[in-house]
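Inside the fold
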Amino acid sequence: FSKIPSVSKDLQSRVPPYAKLLTNLEKVHKITNNTPLTLAEKILYSHLTNPEESLGGWGVSPIRDIRGQEYLKLSPDRVAMQDASAQMAMLQFMTTGLPDTSVPTSIHCDHLVVGKNGEEYDLPKSKETNKEVFDFLESCAKRYGITFWGPGSGIIHQIVLENYSAPGLMMLGTDSHTPNAGGLGAIAIGVGGADAVDAMTATPWELKAPKIVGVKLTGKLSGWSAPKDIITTIAGKLTVRGGTGYILEYFGEGVDSLSCTGMATICNMGAEVGATTSLFPYNDAHRRYLAATGRKEIANAADVALNQFNFLKSDEYAQYDDVLEINLSDLEPTVNGPFTPDLSTKISDYAQTSLEENWPQDISVGLIGSCTNSSYQDMSRVVDLVKQAADAGLKPKIPFFVTPGSEQIRATLERDGIMKTFTDNGAIVLGNACGPCIGQWDRGDVPKDTKQTNSIFTSFNRNFRARNDGNRNTMNFLTSPEIVTAMIYTGDAQFNPLKDSITTPDGKQFTFTAPKGEELPQRGFEHGRDVFYPENDPKPNAEIPVKVSPDSDRLQLLEPFKPWDGKELKTHVLLKVKGKCTTDHISAAGVWLKYKGHLENISYNTLIGAQNYETDEVNKAYDLDGKGYDIPGLMMKWKDEHRPWVVLAEHNYGEGSAREHAALSPRYLGGQIILVKSFARIHETNLKKQGMLPLTFANEADFDRISSGDVIETVNLADMVAKDGDNGGEIDVKVTKRNGETFTIKAKHTMSKDQINFFKAGSAINYIGQQRRK
Ligand code: SF4
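Residues numbered from 1 in each chain as written. Predicted model: local features only at pLDDT ≥ 70, side-chain atom pairs only at ≥ 80, totals over all residues.

1. Quick word on unusual backbone geometry
Residue Pro338 follows Gly337 across a cis peptide bond; omega there is 0°. Among the structural elements, Pro338 can be located in the loop between strand S12 (334–336) and strand S13 (344–346). The phi dihedral of Asn33 falls on the positive side, at around 50°, and the residue is not glycine. Positionally, Asn33 belongs in the loop between helix H1 (18–31) and helix H2 (39–46). Of the residues examined, Asn33 has 10 C-beta atoms within 10 Å and is grouped as exposed. (Helix = DSSP H or I, 4+ residues; strand = E, 2+ residues; numbered from the N terminus. Buried ≥ 20, exposed ≤ 12 C-beta atoms within 10 Å, placed from the backbone.)

Structure, rendered in structure tokens:
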């Protein structure tokens, strides 16, 4: 593999280690008798820490059999963390005592920046409000040799796409939309901080071998249809659970009509169907994007890996577990929501459906941009619509916000006059940060506590209740930036911009023509303001002190959780949760983001969004004497009383994000077991990492036999810990009702041998620490 061209020094940490990956892949081919592999398998298996031990140990033939069954031990190439989740990841990393990270790592300050009046006002205010957190993260970065992208530099996924993602790379990110990087041919997976610490400490990172859905794209995108419509259409077909345990691998001639940034939009929102990740095969659009972002040498290396060694594309005859076909020529703009990203309505049906469903007819705000849709292509298409409307004498009827994804894209849009067109036409351009996408929207027009519904159109990716403005009654409809932009000129749910006209001030009828834009800026990308760029590949410096004030209410050094005492677990049912319970319900964002680095303080948000199955109340649980408490209040009380507890829930518990506080806080508050009908993958893994016991009902009907206040005891945990491993197993659970009746049910766990070790040690970090000390 010496034919792979080397790259210049400043790109060395950014190019995937192709020679090493191909060496690994050669071993995999040998072990599996050259079984054809999908692209996802090639990238994953080339990152196996030890292919002989893994694949040889399983005696796999055919290799497809390991999908959904075996755990892969992987060595990712890179880690990226956003400011909210990086705090806990770094606090955990610090407990290992290591001097630096084993792989290149970056921290991005984006989630804590408020969006209200624009960068000039919002950024200084956010820096001041979050000073101790940003100072802490910067001091960690300097001490451990991490690249620090400060507040205002941009949103993690956009910066990763512009700088770090590359075909064949494997990356972990402490954010659920990390798969955005799959738009540039990487395997990028959203994880919790403890998983990131695995990669940062060169501890093999475990993943159950995902199944693979091939998404075949035929036809060609045209007119109003945009990459966003591909993924919103797929979300409507697969639902929020349909991708769980799967990688979505795109292929087919339709791929060639997409830009690299369009592919990133699609991969980004694979998170909305619960997919482990999504990715596209390396193609010309990637070459163009790499060249435009100063990484032509990486494209040259990737070309050799592709053309001479058959890497970066799937093998002929590789088999998918399922194939979904989308004809791009037939695709229509789609509007998804409210409250769930899989409720998909074609724009031609939206007016009628909105009446039938009693959705607000007045749209209150339009928001575009974010990590999902702030590419040059998106913005140049959108500005085409703004110009058409302006030429017809129209002005937006409702507020319009634009969030650039990075300083580079903002500066490029400014240079090319696109920003000016936006602001001349009434748009408010927010800072290069998450802002309104993650509850950091200081919205003046609608009170948070109003019972009245209101409707917003956004080009973001997520629309759970209270996600954007903290108001549970705000209905967020997700759609393409083009549709959001056209809708601001009427603010009317009955308007279909593809065919309806608007009366202009001079009495004429105006109809939009389909938007046109450019894939990449003709004059290249503009660097922007230097202040937003970090030092490339900083060196660690053990002399730098990490800044944590002992009386901070935002940062708290971690105390390790206690190891398992070897006894069966005996717990009381604190709560039965009804219906959808996302990580937003378990560990709310918004104002709570402030406490991400302070476990005790943030734990006051635990499950406050959950609905009590027995009473239908939100954030209400009852003590054994019948007295009602808010949910974290009762957890704290039981923790003080040394009464361990279990929470029961229904399907896809913990869907939505990689938020590890959703596992850390329940553990901190004395939870031992979470027993559910099914889990979302990342959350289940996070529970295991924090030493919790995540169980699923072997028989779902048992959920109905158990009530709050009942006692749940494991019967054969010691056996499970001694014998099970790698494929999970079953465990008996004894239930004692409050009237004394007892019965035993079966529950399943999916813990691997290593994860059982985490449970025994009290947490994954404890286990990693123990291993290091040995
Ligand atoms: Fe930020 Fe929203 Fe993107 Fe998450 S989805 S990284 S909150 S812009």
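2. Things to note about the packing of H1 against H2
Two elements in contact, H1 and H2, have axes separated by 8 Å at closest approach and are oriented at 105°. For the element pair H1 / H2, the angle class is roughly perpendicular. Of the residues in H2, those in contact with Leu21, Asn24, Leu25 and Val28 of H1 are Lys42, Tyr45 and Ser46. (Axes fitted to C-alpha atoms, helices over the stretch in contact; angles between N-to-C directions. Parallel < 35°, antiparallel > 145°, perpendicular 65-115°, else oblique. Contact = placed C-beta atoms within 7 Å.)

3. Some details on the site of the ligand
Neighbouring the ligand are 15 residues, the closest being Ser370, Cys371, Cys434, Cys437 and Ile438. Here the residues of the shell around the ligand sort into 7 nonpolar, 5 polar and 3 charged. Inspection of the shell around the ligand shows a minimum of three residues originating in each of domain 1 (9–211 + 282–315) and domain 2 (334–510). (Near = placed C-beta within 6 Å. Nonpolar A, V, L, I, M, F, W, Y, C, P; charged D, E, K, R; others polar. Domains from an automatic or database assignment.)

4. Examining the sheet that holds strand S29 (residues 742–749)
If you walk around this closed barrel you meet the 7 strands as S21-S24-S25-S26-S29-S28-S27, and the pairing is mixed. Each strand of the sheet is rotated relative to its neighbour by a mean of 40°, with strand direction disregarded. Relative to strand S27 (residues 711–714), strand S21 (residues 570–576) is paired through 3 bridges, and the arrangement is antiparallel. Across the sheet, Lys570 pairs through a bridge with Glu713, a residue of S27. (Pairing = 2+ DSSP bridges.)

5. Describing the domain arrangement of the chain
Domain annotation for the chain reports domain 1 (9–211 + 282–315), domain 2 (334–510) and domain 3 (570–773). The C-alpha-based centres of domain 2 and domain 3 are spaced at 38 Å.

6. Regarding the confidence of the model for the chain
For the chain, the mean per-residue pLDDT works out to 94, and 98% of the residues sit at or above 70. Across the interface, the model reports ipTM at 0.99; the global pTM reads 0.87. (pLDDT = per-residue confidence, 0-100.)

7. Quick word on H2
Residue pairs three or four apart in sequence face the same way in an α-helix, which turns once every 3.6 residues. With 8 of 8 residues buried, H2 is to be regarded as a mostly interior element. Turning to H2, its buried residues are Leu39, Ala40, Glu41, Lys42, Ile43, Leu44, Tyr45 and Ser46.

8. Overview of the nonpolar core
Ranked by internal contacts, the top residues of the largest apolar core, which has 216 residues, are Leu137, Ala186, Leu574, Val646 and Leu675. Sequence-distant contacts of Leu574, that is, excluding residues within four places in its chain, are made with Ala621, Leu634, Met635, Trp638, Trp645, Val646, Val647 and Ser708. (Core = buried A, V, L, I, M, F, W, Y, C linked by C-beta atoms within 7 Å.)

9. Notes on the sheet that holds strand S10 (residues 277–279)
An order of S10-S9-S8-S11 is seen for the 4 strands of this open sheet, with the pairing classed as parallel. What marks the edges here is a single partner per strand, and that holds for S10 and strand S11 (322–327). Strand-to-strand, the axes of this sheet are offset by a mean angle of 20°, without reference to chain direction. Two strands pair when backbone bridges link them, and strand S8 (residues 211–218) and strand S9 (residues 246–251) are joined in this way by 6 bridges, in the parallel orientation. Its bridge partner lying in S9, Val213 is registered against Leu248. Contacts from helix H9 (residues 227–238) reach S8 and S11 within the one sheet, and its direction differs from that of S11 by about 135°.

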